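Okay, here's what each chain looks like letter by letter:
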Amino acid sequence: MSPETQSPQWMWYFIGLYFFVGGVSAGAYFLGSLIELFGNPASERQRVISRTAYYIAFPLILIAPVLLIGDLGQPLRFWHLMLRADSKLPILNLQSPMSVGSWALLVYGAMAFASFYDNLVADGRVRFAPLAGLYNRIPRKIYAAVGSVAGFFVAGYTGVLLNITARPFWAATDPLVGFLFMASAGSTGAAAVYIALTLRRLAARRRVQAGAAGAAAAPVLAADLEPFEHYDRLLKFVELGLAVAIVVVAGSYAAPLLRGPLALMFWLGAVGLGTVLPIAINWFGNRPGGRTVLAPWLALLMGLLVLLGGALLRISIVQAGQL
Amino acid sequence: MSPKGMFVDTSICTGCKACQVACKQWNGLAAEPQDFRFDAAQGHPVAVNFTGKSYDNTGRLTATNWRHVRFIEVFSPDRREAHWYFSSDSCKHCADAGCLNNCPTGAITRTDLGNVVVDQATCIGCKYCIPSCPWGVISFNESTGTVWKCTLCNDRIHNGLGTACAKACPTGSIRFGEVADLRAAAAARLAQLQSQGYRTANIYGLTEAAGLNVFYLFLDRPSVYGQPENPVVPQQRLDTSALVTVGGALALGLAALVSFRERGQKAGSEPVEVHHES
């Protein structure tokens, strides 16, 4: 490793935050697509879940380009990532994770928009639908499939991007950070959808208790949230393992995460509050009435902790390579 | 055309810094603003950049410092005898360049003479090339929002001239020419030094990063000169990294299918109930 490498001095509130936002979006989109592709098309309750996931995924990915372009030295030239400056022909550098990732982001963004708009039309919230005849199940599944693959790229390429540099900490944690970021994207995306569904369940419950006639839309049942808790359990263990693994693999170059404020952010924030505590809540949390899902307030807490942990994970790793 | 480069024989460098001055002058590079402070009494800026590294006045390569002369003080154990190692550091113009490989806009390219240059009109200032250089050469320029580095005097060498630093060097420590010729000369010089007793002399840049077009003769280990011993161009690790990440993606996809499929199937087959939510 090199004593003389320079830090790119990426701002945490641009790049670190983008890594987080992109991850949540891709993670949520993937779950929506899983239901879209493999779920029961007749089940209204499943549609509620996939719709919630898509309504979360697209607005989040809209933030991504703002964050990325904001950090550039020449922001107005951002289009050079897609087209050559001189010939205006498309440019792709397969050796550069940033180049591949930019295209993945573009494709994913387009698919996320397509799924989002498609759901708006299906829900009747948008009356004008160009090419309305095309809005049947087939394009929706194509968007879901292509978008999921692109989404995985978006979730994981940022880790590969860091690893394929000469900065000692980033180079020493190769090849694990891409995997870690993807696992984190999965759990934070699931957490975002889980929080939305839990809030929806609480709202429906309040309406029922207040005696409101019928349900405005299909309610979210406890059974719908159970797969999220199961998924989260799996992913959180993977994340915990990988978080420890990257420090072990980095060996003597792990110092940025072993001392100082970033160590606190990583171990207390990302690992402690963001991984261990959610695992504890998931395993031992109060599940009232013999049900298989957490009490709502506990569910919300767990979801928020997962989100916080995901953000702190990205920020601490990005900044650890820039000390 | 065979690549052009430079051979820096640190054994005959005197640390005069003519190379630093020539480079700044030819390329019109500004002085480092943080190295000067305006002194009201004297009515002009005065230098305040004492690096504390012997007579080193640049500290490191930056967007406007493309030559950095290092002064490495070497003392005998009883500190009665001392000497310097000098090394004039610059961009190595690697045959396999980390900065070029990672640039997403194609702003960094290799010319027909083998040198690596940044197109100032294309660069978007993403700064990804900066951590990608194992030697920390390429740097960000705050005022232009782009990255700058040594161009191997691109304009001079494409007009039959050599580099400015090589021309200014009074001892011939920096030599410009075709890399193949320079390597032959370097090998001869190394043999001569070793026969004179300099057993630790070595050539740095024959195999690093697929060969450095600007390479060095050191009298001691590269780490003594602040250079990485085994620099790796980051892209060498790309295949493994990508493979592990794709493998991880498949594993995570599987985890999702396991979690959602069993329960999703069960949940999906029930009719919708609206009444009992406790």
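One can find the structure itself at the top, above this paragraph.
Quick summary incoming for the structure in this document.

Rules of the game
- Residues numbered from 1 in each chain as written.
- Chains lettered and ligands numbered in written order.
- Predicted model: local features only at pLDDT ≥ 70, side-chain atom pairs only at ≥ 80, totals over all residues.
- Heavy atoms only, no water.
- Contact = heavy atoms within 4.5 Å.
- Buried area = accessible area lost by both parts, 1.4 Å probe.
- Salt bridge = Lys/Arg side-chain N within 4 Å of Asp/Glu carboxyl O.
- Polar contact = N/O pair within 3.5 Å; in protein donor to acceptor, adjacent residues only side chain to side chain.
- Helix = DSSP H or I, 4+ residues; strand = E, 2+ residues; numbered from the N terminus.
- Nonpolar A, V, L, I, M, F, W, Y, C, P; charged D, E, K, R; others polar.
- Core = buried A, V, L, I, M, F, W, Y, C linked by side-chain atoms within 4.5 Å.
- Buried < 20%, exposed > 50% of the residue type's maximum accessible area, 1.4 Å probe, protein only.
- Phe/Tyr/Trp six-rings, centres within 6.5 Å; stacked < 30°, edge-to-face > 60°.
- Lys NZ or Arg CZ within 6 Å of the ring centre and 35° of its normal.
- Expected span 1.5 Å × (residues − 1).
- Pairing = 2+ DSSP bridges.
- Axes fitted to C-alpha atoms, helices over the stretch in contact; angles between N-to-C directions.

### Observations concerning the interface of chain A and chain B
Between chain A and chain B, the contact holds 70 residues from the first and 66 residues from the second. With both chains or domains summed, chain A and chain B bury close to 5600 Å², and 59% of this area falls on carbon and sulfur atoms. Looking only at chain A, the three residues that lose the most surface to chain B are A:E4, A:Q6 and A:I164, adding up to 12% of its buried area. Our count for the chain A to chain B interface comes out at 3 salt bridges. Summed over the shared surface of chain A and chain B, the number is 26 residue pairs in polar contact (both at pLDDT 80 or more). Contributing elements (two or more residues each) for the side of chain A that touches chain B: α1 (12-38), α2 (44-71), α3 (97-122), α4 (137-163), α5 (168-172), α6 (177-209) and α7 (222-250) of chain A. If one sorts the elements of the side of chain A that touches chain B by residue count, α7(A) sits on top with 9 residues. Tallied by class, residues from the side of chain A that touches chain B come to 38 nonpolar, 20 polar and 12 charged.

### Structural notes on the environment of A:L67
All names here are of chain A. Here L67 is to be found in helix α2. Residues L67 and S184, 117 residues apart in the sequence, show an inter-C-alpha distance of 20 Å. Apart from the residues lying within four places of it in its own chain, the contact partners of L67 are Y13, F14, L17, Y18 and V21.

### With respect to the nonpolar core
One finds A:Y108, A:L162, A:F228, A:F266 and A:I317 to be the most contacted residues of the largest nonpolar core, which totals 104 residues. For this core, the element with the highest residue contribution is α6(A), accounting for 15 residues. When sequence neighbours within four positions are dropped, the list of residues in contact with A:Y108 reads A:S25, A:A26, A:Y29, A:A57, A:I61, A:G147, A:A150, A:G151 and A:V154. Counting 56 residues, the second largest nonpolar core, distinct from the first, contains B:A107, B:V147, B:Y216 and B:L219.

### Notes on the side chain of B:E32
All names here are of chain B. Relative to the assigned elements, E32 resides in the loop between α1 (18-27) and β2 (36-39). You can call E32 buried: its relative accessible area is 7%. A distance of 3.2 Å separates the side chain of E32 from the side chain of T62, its partner in a polar contact.

### As for the packing of aromatic side chains
In this structure the tally under the stated criterion is 26 aromatic pairs over all chains. Geometrically, the ring pair formed by A:W10 and A:W170 is stacked, given 5.9 Å between the ring centres and 20° between the ring planes. Linking A:W10 in the segment before α1 with A:W170 in helix α5, this pair joins segments that are 160 residues apart in sequence. Given the relative accessible area of 0%, A:W170 is considered buried. Centroid distance B:Y204 to B:F218: 5.4 Å. Interplanar angle 35°. Geometry classified as tilted. Of this pair, B:Y204 sits in strand β11 (residues 202-204) while B:F218 sits in strand β12 (residues 214-218), and the two are 14 residues apart along the sequence. By the ring-pair criterion, three or more aromatic residues cluster together here, those being A:Y55, A:F58, A:F113, A:F116 and A:Y117. Sitting over the ring of A:W283, A:R233 keeps its end group 5.6 Å from the ring centre.

### Brief notes about α7(A)
Look at α7(A): 42 Å from first C-alpha to last across 29 residues, which is about the 42 Å you get at 1.5 Å a residue. Positive backbone phi, approximately 55°, marks A:G251, located one or two places after α7(A).

### Observations concerning the sheet that holds β12(B)
Residue and element names in this part refer to chain B. In spatial order, the strands read β10-β1-β12-β11; together these 4 strands make up an open sheet with mixed pairing. Two strands in the sheet have a free side with no partner beyond their single neighbour: β10 (174-178) and β11. Each strand of the sheet is rotated relative to its neighbour by a mean of 25°, with strand direction disregarded. Bridge count for strand β1 (residues 4-9) against β12 is 4 bridges, and the pairing is parallel.

### Brief notes about the pattern of salt bridges
If the charged atoms of two oppositely charged side chains come close together, the side chains can form a pair. Here the structure, examined in full by the defined rule, presents 14 salt bridges over all chains. For the salt bridge of A:D71 with B:K127, the shortest nitrogen-to-oxygen distance reads 3.8 Å. Taken as a pair, A:D71 in helix α2 and B:K127 in the loop between β7 (116-118) and α3 (129-132) lie in two separate chains rather than in one. Of the charged contacts, one joins B:R237 and A:D174 as a salt bridge, the two residues approaching to 2.9 Å between their closest N and O atoms. Residue B:R237 is located in the loop between β12 and α7 (238-268), and its partner A:D174 is located in the loop between α5 and α6; the two belong to separate chains. A relative accessible area of 18% means that B:R237 is categorised as buried. Given a relative accessible area of 12%, A:D174 falls into the buried group. One connected set of salt bridges, linked through shared partners, spans A:E4, B:R70, B:D89 and B:K92.

Shape is all these values report; function is a separate question.
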